Every structure is written in C-alpha cells, then in structure tokens.
Amino acid sequence: MITIEQIIEAVKEYNPDANVKKIREAYEFAAMAHAGMKRQSGEDYIQHSLATSLNLAKLRLDTPSIIAGLLHDVPEDTSYTLEDIKKKFGKEVVKLVEGITKLGTLKYRGLERYAENLRKMFLAMAEDIRVILIKFADRMHNLETLEHLRPDKRKRIALETLEIYAPIALRLGMGEMKGNLEDLAFPYVYPKEYAWVKKEAENKLKVEFKFIEKIKKIMQKELQAEGIEYISIHGRVKHIYSLYRKMLTRDKDIDKIYDLIAIRVVVKDIPECYRVLGLVHKKWKPLKGRVKDYIAQPKPNGYQSLHTTVFAEKGKIVEFQIREQKMHDLAEFGIAAHWKYKESDIKKLTKEKAIWIDGLKDIQKKFQDDSKYLSEIKVEVFQNRIFVFTPRGDVIDLPENSTPVDFAYHIHTDVGNKCSGALINDEMNSLDTPLKSGDVIEILINKNRKKPNPDWLDFVKTNVAKDKIKYYLNKEKDRKIISLLNKNKIK
Ligand code: MN
C-alpha cells in the first residue's frame, strides 16, 4: 500500500520547496472522487493514482506533474470534470490532466506498418512533454497489475507498450523507462520466449554474479591506487527483453552475450572517464573493435558513455561502461533529467550536445534559446502534419490540408485511382474537403472507373498522389499516341 506521505517524502528529497499542501489537497480530492471504486485487482482505485504519482516522484518531476498524476483518471472515471479540476488546481494542472485524457483515446490494435504513425500522433497530441511522462508512470502501474485483466486486454496493452510506449521512451532518451516498460510487457506478449530467456539468464547469472563481485573489488583497489575518486561502481544486469532481442541476433546463445552483466563506473568528470578507461586497458587486454567512445560521438538519442570489453581474470570477457554522473542521469532518465539540471547547467548541457534525435531537434532549439523549463517544452515537432484514421482505427500521417484523394492514394494506388467519394466521420463529403486530425475516413470506390480525374491535381497535397495521378494520365496519353501511330501505319 502506497500512502501520500511516501510521495511527499520522495518529492521533498529533490524539491524541498514543493507545495506540499497542494499535493495533499490533490490526494484528498482524488480519494473523494474515486471513493468506493475498486481496481480489477480488488485494490482501492486511489492506489493506482498514488502509484502513478510515486513513479513521477521517482523521475523527480515538478509539482504540477505530481498533482496531475494523482488526478489523472478523475475526469474519465468519476463524476468530477476538468472544469472542477481547473477551479481547484488551476490551468497548468488541468492542461496536463486533459492531455492524459486525450491520449487515453489512442489505442494500438496491431497493424505494424502504422505503428510509427501512432507514435508520432502520440507525441503530437501530447503537446506538453510532461503528459507523456505521466502516461509512462500510469502505464508502469497498469503493467504491474496486468495479470488481473482479461487475457485479450492484457495482450493488447502489453503489445501497445512494446510497439508504441517503449520506442517513444527510447527517443526521449529514457533508457531505464524503456527497459522497465519492455520487461513488464514481455511475458504477456511472448510468454514462451520469456520463460526460455529467463531460465537461460538465471543459470548464467548465478555464476556471473560472484565473478563480477571479484572484478568490482579489483577495480575499487586499482582506482584507489591511482587516486581516482569514483561516485559509484556496480554491476548492472541487462534488461531481460533487450537480452532476448540480442540473443536472437547471436544464434540464441547466451554465451555470446558479453554484456549480460556490465560493470558500470560513474566518475566526476569527462577527463576521469578517460583515465578509468586507460586503467582498465592497462590491467586487462581489450577485445578488438569493442572500444566505443560515445562521449566524443554520442548515440543519436544523446546517450554518452565509454564502452570497452576486456579479457578479465582467467580470460573471462567483461564489458565496462564508464561515464560521469550527468551522463548517467541522462541515460537513465532522458528528458526527465533536465528537471534536475534545469537552472545553471542547462546551457552547458546543450552545448555538450548531450541530447536528442532527429525528430525532436525543435525541442533542443528551445533549450538553446534560453534556460527553459520542462514545462515550456511543447511538442511541436509534427505541427504541419495531421493524423487521421482508417475505419479500422489505423493512423495515417498526412501533411496539413490533405484531402480524401491524398488519403486514398496513401492506402493503395488502386484505391486512389478508383475513388469516387468519401465518408468523413460517417458523412458524405466531396473529394477536395481538407481533412482534420482525428477524422475517420472511408473511401468509396467505383470499380468501373478506369483512371484518375485530372482535376484532382488542383487540390491534392501529397507528392504520392500527384505522381500517381500524373503517371496514369501520361500512360493514357501514350496509349492514345500509340494507337494513333498504329492507325497511320495501316493506312
Ligand atoms: Mn490511469
């Protein structure tokens, strides 16, 4: 059982000035609103709100997020409305809660080729990055209690976590969140595979742990002898889902996984990272091609560390990961770590190019403009795109002002060539109607239609549609010329 006091204690640790009174009020309001409600597990519903909020405190998020975590299911599941929340907790909190409620309507039902679109739509609809973080915190607890749901629901939620949530966490640089989400979902999506990997890993880990302890002690001594201060040194065990993925690429042989347990050394700055690397290589011989300098060349999502794999005692292979504290926080918390470093370090951080990936470069720019806070990061990456649905609920990503013809060509060339009308949200509309995000589009087909209408070129927005229409019209022209030539020949 989680209590509000636990959350307050966790928050105070990283944010001593937090508005504790407001957090308590939010708890009392949520407890009252959900009073009498139970989860499938039999627990009081408020336990879910508390668990979500506690997960957010572990991410060290700001007070409005903690409060929104407590209130996140109120509008959807109780008789209290967003208006009530606004009156009691203000605009900022209500916007977060509203964002979470909106995201709740997005569901992945399993057509892989549209998964990327759904991820984009998820980010676009969230608007405020904190909404996504609250959604993660909510999902974590739902996964922890997934066994109490119906099997079909279990599978849907777990698959959605693997296909949508975890990839988004990875893009936001939240390695630890990604690993945890995947590990919780894994057994429900691939039960047999999970059982197999778990058994393989358990057997191997029994042996490995003792060995790693020994290596750790040797390292501690070496570091002390060299006068290198370290913040922490520990063996980190690979997440089970990521182990499974890796085993698939290594002939399913666990002995070919060199980083099942890696030794992670956290030191105070970058020069110390390189000193530790030198020390490791002086002590043990490195494997060829396994030294990776992700400090000089960060991964696309901003991950930084030095990696090396060495032949340690008795020739056993061990991977080392060496990083400074800030890199460690970024690798674990990703975007959420910026909360901790918001004030003085944020400028330096962006200068070091510690973060981000292609799609989220806009956010990085915002950081550079000024020392902006997490609350001011808006997800505007996809602002020139709209997201519409097929009748079966798949998401199609199109440029703004796209029309049903663009949509039709996106589905299939034949659907485009033969389209004769469109139902937008169940209403007949002309083929040049601009679509809006969230519209459900059904294309009506005329099987007797031979070619696209040249007039469509006046209003279509996507190159796919333009090219295909032109292609068929040109083909038509060629056919006419050829038949004309043939006629002349006969004469
Ligand atoms: Mn919830």
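The structure displayed is predicted, hence computed values, not measured ones.

So, how was this worked out
- Residues numbered from 1 in each chain as written.
- Predicted model: local features only at pLDDT ≥ 70, side-chain atom pairs only at ≥ 80, totals over all residues.
- Heavy atoms only, no water.
- Salt bridge = Lys/Arg side-chain N within 4 Å of Asp/Glu carboxyl O.
- Helix = DSSP H or I, 4+ residues; strand = E, 2+ residues; numbered from the N terminus.
- Buried < 20%, exposed > 50% of the residue type's maximum accessible area, 1.4 Å probe, protein only.
- pLDDT = per-residue confidence, 0-100.
- Contact = heavy atoms within 4.5 Å.
- Donors = N, O, S within 2.8 Å, 3.2 Å for Na, K, Ca; no water.
- 1 Å grid on protein atoms, 1.4 Å probe; cavity = no way out; pocket = protein on both sides within 12 Å on 5 of 7 lines; lining within 4 Å.
- Points joined across faces, edges and corners; volume = space filled by probe spheres on them.
- Nonpolar A, V, L, I, M, F, W, Y, C, P; charged D, E, K, R; others polar.
- Phe/Tyr/Trp six-rings, centres within 6.5 Å; stacked < 30°, edge-to-face > 60°.
- Lys NZ or Arg CZ within 6 Å of the ring centre and 35° of its normal.
- Expected span 1.5 Å × (residues − 1).
- Pairing = 2+ DSSP bridges.
- Polar contact = N/O pair within 3.5 Å; in protein donor to acceptor, adjacent residues only side chain to side chain.
- Axes fitted to C-alpha atoms, helices over the stretch in contact; angles between N-to-C directions.

Digging into the pattern of salt bridges
Now for step 1: By the definition in use, this model includes 26 salt bridges.
Now for step 2: One salt bridge connects Asp 259 with Arg 236, and the closest N-O pair in it is separated by 3.8 Å. Residue Asp 259 is located in the loop between α12 (240-248) and β2 (261-267), and its partner Arg 236 is located in strand β1 (residues 230-237); the two are separated by 23 residues in the primary sequence.
Now for step 3: Since its relative accessible area comes to 13%, Arg 236 is described here as buried.

A look at the confidence of the model for the protein chain
Now for step 1: Of the residues in the protein chain, 88% reach a pLDDT of 70 or more, and the chain-wide mean stands at 85.
Now for step 2: The lowest-confidence element of the protein chain is helix α15 (residues 346-351), averaging 35 in pLDDT; the highest-confidence one is helix α2 (residues 20-33), averaging 97.
Now for step 3: In the model, residues 342-381 has pLDDT below 50 throughout and makes 76 contacts with residues more than four positions away in sequence or in other chains.

Describing the coordination of the manganese ion
Now for step 1: Bound to the manganese ion on the protein side are His 48 (NE2), His 72 (NE2), Asp 73 (OD) and Asp 138 (OD), at distances that span 2.2 to 2.3 Å.
Now for step 2: In primary-sequence terms, the residues that donate to the manganese ion follow H-x23-H-D-x64-D. Placement of the pair is His 48 in helix α3 (residues 46-58) and His 72 in the loop between α4 (63-71) and α5 (74-77), with a sequence separation of 24 residues.
Now for step 3: Residue His 48 is classed as buried on the basis of its relative accessible area of 1%.

Some thoughts on the layout of surface pockets
Now for step 1: The computed volume of the second largest pocket comes to approximately 820 Å³.
Now for step 2: Residue lining of the second largest pocket: 29 residues in total, with Arg 39, Tyr 45, Asn 142, Lys 153 and Ile 157 positioned closest to the centre.
Now for step 3: Examining the composition of the lining of the second largest pocket, we find that 5 residues originate from one element, helix α9 (residues 151-171), more than from any other.
Now for step 4: Within the lining of the second largest pocket, the residues separate by chemical class into 8 nonpolar, 9 polar and 12 charged.

Section: the packing of aromatic side chains
Now for step 1: Applying the stated criterion to the full structure yields 12 aromatic pairs.
Now for step 2: The ring centre of Trp 196 lies 5.8 Å from the NZ or CZ of Lys 252, which sits over that ring.
Now for step 3: Looking at Lys 299, its charged tip hangs above the ring of Tyr 303, at a distance of 5.1 Å from the centre.

Let's talk about α2
Now for step 1: Compared with an ideal rise of 1.5 Å per residue, which puts 14 residues at 20 Å, α2 spans 20 Å between its outermost C-alpha atoms and is within 8% of the ideal.
Now for step 2: When we look at burial in α2, the residues that qualify are Val 20, Ile 23, Ala 26, Phe 29, Ala 30 and Ala 33.
Now for step 3: Looking at the buried positions of α2, the neighbouring elements they touch are α1 (4-14), α3, α4, α5 and α6 (82-103).

What about the pairing of strand β8 (residues 395-399)?
Look at any regular strand and the pattern is simple: side chains alternate between the two faces of the sheet.
Now for step 1: Here β8 lies mainly inside the structure; 4 of its 5 residues are buried.
Now for step 2: Here 5 bridges tie strand β7 (residues 385-389) to β8, and the two strands are oriented antiparallel to one another. From the neighbouring strand, Phe 387 faces β8, where its bridge partner is Asp 397.

A word on the environment of Gly 175
Now for step 1: Note that Gly 175 resides in helix α10 (residues 175-189).
Now for step 2: Relative accessible area serves as the criterion here: at 32%, Gly 175 is assigned to the partly exposed category.
Now for step 3: Residues contacting Gly 175, with those up to four places away along its chain left out, are Ala 331 and Glu 332.

Some remarks on unusual backbone geometry
Now for step 1: The backbone of Lys 252 shows a phi angle near 55°, a positive value even though the residue is not glycine.
Now for step 2: By secondary structure assignment, the location of Lys 252 is in the loop between α12 and β2.

A short note on the side chain of His 48
Now for step 1: Polar side-chain contacts of His 48 include one of 3.2 Å to the side chain of His 72.
Now for step 2: Leaving out residues up to four positions away in the same chain, His 48 has contacts with Arg 39, His 72, Asp 73, Asp 138, His 141 and Asn 142.

A short note on the sheet that holds strand β10 (residues 427-429)
Now for step 1: Ordered by their spatial adjacency, 3 strands build an open sheet running β10-β9-β11, and the pairing between neighbours is antiparallel. Whereas interior strands pair on both sides, the edge strands pair on one side only; in this sheet they are β10 and β11 (441-445). Direction aside, the axes of adjacent strands within the sheet are offset by 35° on average.
Now for step 2: Inspection of the sheet shows strand β9 (residues 419-424) paired to β11 by 5 bridges, in the antiparallel sense. When the sheet's bridge partners are listed, Ala 422 is paired in β11 with Ile 443.

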